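Residue-level listing of the chains:
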Amino acid sequence: MPELIFSGKSLVGEGVEHLSRNLESIKSIFEAGDSITEEQGRQVAYTVSSYLPVTEGTEGGLYFGITHLYPGLVGDEYFMTKGHFHKKVDTAEFYWGIEGEGVLILMGRDGHVWGEKIFPGSLHYIPGGVAHRMANTGDCVLSFGACWGSDAGHDYASIEKSGFGARLKKVNGEPQLVK
Ligand code: S6P
Ligand code: ZN
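A short tour of the structure in this document, coming up. (Residues numbered from 1 in each chain as written. Chains lettered and ligands numbered in written order. Predicted model: local features only at pLDDT ≥ 70, side-chain atom pairs only at ≥ 80, totals over all residues. Heavy atoms only, no water.)

**Section: the sheet that holds strand E4 (residues 44-51)**
Stage number 1. Reading across the sheet, the six strands line up as E3-E4-E5-E13-E8-E11 and stay open at both edges, with antiparallel pairing between neighbours. Each edge of the open sheet carries a strand with a single partner, namely strand E3 (16-22) and strand E11 (123-126). Strand-to-strand twist across the sheet, computed as the mean angle between neighbouring axes with direction ignored, equals 20°.
Stage number 2. Relative to E11, strand E8 (residues 93-99) runs antiparallel, the two sharing four bridges. In the strand pairing of E11, tyrosine 95 is matched with histidine 124. (Pairing = 2+ DSSP bridges. Helix = DSSP H or I, 4+ residues; strand = E, 2+ residues; numbered from the N terminus. Axes fitted to C-alpha atoms, helices over the stretch in contact; angles between N-to-C directions.)

Below you can see the structure in the form of structure tokens.
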């Protein structure tokens, strides 16, 4: 068996994959993405460490990941993850808050968007058919865990094409979903 260490905040060990996304690579998700300069574009927006013990598509397996999402704004929009539906659309996922604060932005297939506050210890069940994206509304890194099925897959294309039905913006100093 591989030795894996999940310290609560980080995940290391044999087979753990690390991915990093800078602002340049995700700029199209932000309303003001075109304002991102070359220098800002090099800034890391989030990293993901994941343990994917079986081949993607395997039915009945589980995946585990930790995301560290950095604080910041693009225009008046908080740093956020790309967001996705699952390719096998009816598969669910758990998210839980580890450190920092933010809002889990959710969108049903009908385009209805709502948010759940995430904070250390909060637990979030994301039902099948619900797109999910995380925004960091705090001043510190937001770390959260995720557990999803190895047969779920990721559909990023739908979000790239149509986005979410609302954006999480800083309005008078407070996060607000704006259509
Ligand atoms: C995977 C799970 C997370 C995200 C990560 C980055 O199903 O939801 O590990 O991959 O938070 O978000 P995104 O939307 O860029 O994959
Ligand atoms: Zn997911």
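**Topic: the site of ligand 1**
Stage number 1. By nearness alone, 15 residues border ligand 1, and Tyr46, Glu93, Tyr95, His154 and Tyr156 come closest of all.
Stage number 2. Side-chain polar atom of histidine 154 to an oxygen atom of ligand 1: 2.8 Å apart, as the coordinates give it.
Stage number 3. With the chains in place, 96% of the 390 Å² that ligand 1 exposes on its own is no longer accessible.
Stage number 4. Structurally, ligand 1 is housed in the largest pocket.
Stage number 5. Those elements giving two or more residues to the shell around ligand 1 turn out to be E4, E8 and strand E13 (142-149).
Stage number 6. Tallied by class, residues from the shell around ligand 1 come to six nonpolar, seven polar and two charged. (Near = heavy atom within 4 Å. Polar contact = N/O pair within 3.5 Å; in protein donor to acceptor, adjacent residues only side chain to side chain. Areas by Shrake-Rupley, 256 points an atom, 1.4 Å probe, with all protein chains shown as cover. 1 Å grid on protein atoms, 1.4 Å probe; cavity = no way out; pocket = protein on both sides within 12 Å on 5 of 7 lines; lining within 4 Å. Sits in = over half its atoms within 2 Å of the grid points. Nonpolar A, V, L, I, M, F, W, Y, C, P; charged D, E, K, R; others polar.)

**Some points on the environment of phenylalanine 30**
Stage number 1. Within the secondary structure, phenylalanine 30 is located in the loop between helix H1 (23-26) and helix H2 (38-41).
Stage number 2. A relative accessible area of 3% means that phenylalanine 30 is categorised as buried.
Stage number 3. C-alpha separation for the pair phenylalanine 30 and glutamate 77, spaced 47 residues apart in sequence, amounts to 7.1 Å.
Stage number 4. The contacts of phenylalanine 30, once residues within four sequence positions are left out, are Leu23, Ile36, Val74, Glu77, Tyr78, Phe79, Met80 and Arg167. (Buried < 20%, exposed > 50% of the residue type's maximum accessible area, 1.4 Å probe, protein only. Contact = heavy atoms within 4.5 Å.)

**Observations concerning the layout of surface pockets**
Gaps between atoms show up when a probe of the same size as a water molecule is rolled over them.
Stage number 1. Of the pockets and cavities examined, the largest pocket occupies roughly 500 Å³.
Stage number 2. Along the walls of the largest pocket sit 24 residues, with Leu19, Val48, Trp148, His154 and Tyr156 positioned nearest its centre.
Stage number 3. At the level of secondary structure, the elements contributing two or more residues to the lining of the largest pocket comprise E3, E4, strand E5 (62-69), E8 and E13.
Stage number 4. Considered class by class, the residues forming the lining of the largest pocket number eleven nonpolar, eight polar and five charged.
Stage number 5. In this structure, the second largest pocket spans a volume of roughly 270 Å³.
Stage number 6. Broken down by secondary-structure element, the contributors of at least two residues to the lining of the second largest pocket are strand E9 (102-107), strand E10 (113-118) and strand E15 (174-178).
Stage number 7. Classifying every residue of the lining of the second largest pocket by side-chain character gives seven nonpolar, six polar and five charged. (Points joined across faces, edges and corners; volume = space filled by probe spheres on them.)

Without other data, these values stay purely geometric and don't point to any function.
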